[in-house]
Amino acid sequence: MRIKDLLKVDSIELGVAAADKNAVIEKLVDLHDKSGNLTDKDAFTKDILAREEMGTTAIGNEIATPHAKSTAVKAPALSAITVPSGVNYDAPDGADCKLFFMIAATTDGDVHLEVLANLMRMMMDEEFTSKLKAAQTPEEFLSIIEAKEAEKEADATTNLADKTEALSDEKFIVAVTACPTGIAHTYMAAENLEKAGKEMGINIKVETNGSGGVKNALTADDIKNCDGVIIAADKSVETARFDGIPVLSTKVADGIHKPKELIEKVLSGDVPAFKAEKKDDSSAAASDSDSFGRRLYKHLMNGVSHMLPFVVAGGIFIAIAFLIDTIAGVPMDGNFGTGTPVSAWFKTIGGLSFGLMLPILAGFIAMSIADRPGFLVGIVGGLMAASGATFKFPGAPDWNSFFMGALNLDAFKNGKGTVDMVTSAIKDADSMEKLAHIVPAGFLGALLAGFLGGLIIKLFMKLCDKLPDALEGIKPVLLYPLAGLGIVAVMMCAVNPIMGVINTGLNDGLIWLNNNNLGLLLGFILAAMMAIDMGGPFNKAAYVFGSVVGLGMQNDTGYMIMAAVMIGGMVPPIAIALSTTLFKNRWTESERKSGPVNYIMGLSFITEGAIPYAASYPLKVIPACMIGSGVAGFLSWLFKCTLMAPHGGIFVVATIGHALMYLLALVIGSVVACAILTLLKGKNK
């Protein structure tokens, strides 16, 4: 599909006088509506504004491309305006925007991403954009675009035809561009590399790893005949195919701003040949030119980016389950969220998505380090980190279910529940021994499984290089999987008991605080613990103390304990959502997009919504969230807020004592965490 197929004369207006960003959006939406592209103008406007909330769609160079998928769109279409006086659109280069394209896309495809990619590439040509800004009529505006598209199509055909003839006596290089969101920077880097190559008389083919998938994919012949490879990427890309070829790896921003320098360097002869046997499939993230910290960051981003959809989708499904049970009037006990068939369905499906979160995180980190052999290590390691498996109990059951079951013991149902009775009941169920050993390592354990497991299997792969060539065929199908499974099994079974010892000590310390009337301090510590590892041993120790010990007391002190625990788990996602909303320049576009979902997760007491951010910036996110959660827990105790439900967040407000003060404590704690996080994070580079 071409741009000219989506943009009609009556959807173009030139010389518009617009006071601000909202006026620009209103005008562009009006053009879509008048052209018959929409079924519901207001609904489409809301979708456009929701996209803008995730981050500005300005791309610099006085251009912005607001866009959205919407059920209110009849068919994919474009509208365009020029604003000669310029409008502040929060552009990354700080310049006012004068040229605007609005993409209206249906929800049943990624056509808007394809069109946006084409626009991005064309917009890198300043001569082209200058012509558009100077156009006097919509017809002239459209003809400029048609001519540019025809020119690019002709260039593509010419390059393809000439490449085969020229390869023998001309330099030919290939490149791969990729950014975490796969929209703007991916295609801007590709366009500038192609443009620089043309100016330098160098044949270049650029593969883009964008949101719509891999485009202009490099063929085996391209790779075989090239003189070098440029990888301008901020996420892992496939590199094993470049074995034996000089590979220059750098960040995507260099592809935009330093294309000629990259081309000159890769052709200089100073770039070492890539060795697939010694480099992993994400060598774009681990080249010799990258710092150790950058290599770690790219491996981590490979895991986080793949994990994020599981967190977002699963969290929303669980929140829907809580909402359904709230509306249905289901008792707010240990079964809250599964009290009706519909809510149970949502909770189960959401739980399945959440259950895959840690394995996916660990799996793709390990794969980024050690290629496909690392994937098995990471996936299994992530599963074992979540289950708490040990040498004695390798098939550990779900830890959450185990403790939630304690809330439904007959001792509680008869109104006689005490800590001693719960302990006795667990002993009667012959489960106390498991309780001492089954402690999940949480997302910190998953990170360990991904990084350490990936490094160990990579070392094993290097050792296997010394084996006879006759065994080459069985390495990937037998030796690597067997060794990987054994390595991760031993590693995680050794780690989880250590987590159990930590958990036992934490629990004993919390009981001492409670027994010595240090309630305010207890409230602070419990809430802060919820934000340390967001699902790991610290978090689980605090939660179990609140849900089993706290609720087991069946008095105000116990309910205050549970209130502090839950508010501590609600603060991290909300704080992150606030920061990504209010301080957009601290975060990448992908992080800003995912941020608002954390409002829902935080209010639903789904702390895991903060995990992708904590995993990406642990030394910034975790301390900020700990302090904010601790403040919220301290205030909750100070206000004598109580909570009689073990889960549910805002949906169990009916069980919260001093609910308004509880909400105030939540707001204050979230704002404190947001402020600290924003200061620690600094501006995104």
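The structure under discussion appears in the preceding block.
Residues numbered from 1 in each chain as written. Predicted model: local features only at pLDDT ≥ 70, side-chain atom pairs only at ≥ 80, totals over all residues. Heavy atoms only, no water.

Caption draft 1: Region of the structure containing the overall build of the protein chain. Secondary structure summary: the protein chain contains 27 helices and 13 strands in total. The proportion of buried residues among the 685 residues of the protein chain is 54%. Contacts spanning at least 24 positions in sequence make up 73% of the contacts within the protein chain whose residues lie at least 6 apart. Of the roughly 28,200 Å² of accessible surface on the protein chain, a fraction of 60% belongs to carbon and sulfur atoms. (Helix = DSSP H or I, 4+ residues; strand = E, 2+ residues; numbered from the N terminus. Buried < 20%, exposed > 50% of the residue type's maximum accessible area, 1.4 Å probe, protein only. Contact = heavy atoms within 4.5 Å. Areas by Shrake-Rupley, 256 points an atom, 1.4 Å probe, with all protein chains shown as cover.)

Caption draft 2: Geometry of a nonpolar patch on the surface. A surface patch of nonpolar side chains, about 600 Å² in accessible area, is lined by Trp512, Leu518, Leu520, Leu521, Phe524, Phe634 and Leu638. Elements with a contribution of two residues or more to the nonpolar patch: helix H20 (519-530) and helix H26 (618-638). If you tally residues by element for the nonpolar patch, the top one is H20, at three residues. (Patch = residues over 30% accessible without salt bridge, like charges linked within 9 Å, V, L, I, M, F, W, Y side chains within 5 Å. Salt bridge = Lys/Arg side-chain N within 4 Å of Asp/Glu carboxyl O.)

Caption draft 3: Quick peek at the side chain of Thr678. Structurally, Thr678 is set in helix H27 (residues 659-681). Apart from residues lying up to four places away in sequence, Thr678 is in contact with Ser579, Phe583 and Arg586.

Caption draft 4: Representation of the side chain of Ser579. Here Ser579 lies in helix H22 (residues 556-582). The exposure class assigned to Ser579 is buried, which follows from its relative accessible area of 0%. A polar atom in the side chain of Ser579 sits 3.0 Å from the side chain of Trp587. (Polar contact = N/O pair within 3.5 Å; in protein donor to acceptor, adjacent residues only side chain to side chain.)

Caption draft 5: Quick look at the pairing of strand E5 (residues 77-87). Taking burial as the measure, the eleven residues of E5 include nine buried ones, the bulk of the element. The sheet contact formed by strand E1 (residues 7-13) and E5 spans three bridges and is parallel. The residue bridging Leu7 from the neighbouring strand is Leu78, located in E5. In this structure, E5 lies alongside strand E6 (residues 97-105), joined through seven bridges in antiparallel fashion. Its bridge partner being in E6, Ser79 is matched across the sheet by Met102. (Pairing = 2+ DSSP bridges.)

Caption draft 6: Representation of the nonpolar core. The biggest cluster of nonpolar side chains holds 46 residues, and the ones touching the most others in it are Leu300, Leu361, Ile365, Leu447, Met492, Met534 and Val621. The set of elements that each furnish at least two residues to this core consists of helix H11 (292-328), helix H13 (357-387), helix H18 (442-464), helix H19 (475-515), helix H25 (611-616) and H26. In terms of residue count, the dominant contributor to this core is H13 (twelve residues). When near neighbours in sequence (up to four residues on either side) are disregarded, Met492 contacts Gly381, Met384, Ala385, Ala389, Gly445 and Ala449. Counting 34 residues, the second-largest nonpolar core is a separate cluster that includes Leu526, Met529, Phe545 and Leu635. (Core = buried A, V, L, I, M, F, W, Y, C linked by side-chain atoms within 4.5 Å.)

Caption draft 7: Broad picture of the environment of Met570. Structurally, Met570 can be placed in helix H22. By relative accessible area, which is 2% here, Met570 ends up buried. C-alpha separation for the pair Met570 and Ala632, spaced 62 residues apart in sequence, amounts to 9.5 Å. In contact with Met570, other than residues within four places in its own chain, are Gly602, Leu603, Phe605, Gly649, Ile650 and Leu666.

Caption draft 8: How the structure looks around the pattern of salt bridges. A full pass over the atoms with the stated rule returns twelve salt bridges. With its nearest N and O atoms 2.8 Å apart, the salt bridge here joins Arg241 to Glu207. Note that Arg241 is positioned in the loop between strand E10 (228-233) and strand E11 (247-250) and Glu207 in strand E8 (residues 203-210), a separation of 34 residues in sequence. Classification of Arg241 as partly exposed rests on a relative accessible area of 23%. Here Glu207 falls in the buried class, since its relative accessible area comes to 2%. Residues participating in the shared-partner salt-bridge network are Glu62, Lys98 and Lys133.

Caption draft 9: Geometry of the packing of aromatic side chains. Counted by the stated rule, this structure contains nine aromatic pairs. Each ring, one from Trp345 and one from Phe346, has its centre 5.1 Å from the other, and the planes form 90°; the classification is edge-to-face. Given the relative accessible area of 18%, Phe346 is considered buried. Relative to Tyr613, the ring of Trp587 has its centre 5.7 Å away and its plane inclined at 85°; by these criteria the two rings are edge-to-face. Highlighted residues: Trp587 in the loop between H22 and helix H23 (589-594) and Tyr613 in helix H25, separated in sequence by 26 residues. With respect to class, Trp587 is no different from Tyr613; both count as buried. The rings of Phe317, Trp345 and Phe346 are connected pair by pair, giving a single aromatic cluster. The ring centre of Tyr89 lies 4.8 Å from the NZ or CZ of Lys21, which sits over that ring. (Phe/Tyr/Trp six-rings, centres within 6.5 Å; stacked < 30°, edge-to-face > 60°. Lys NZ or Arg CZ within 6 Å of the ring centre and 35° of its normal.)

The values are spatial; any link to function lies outside them.
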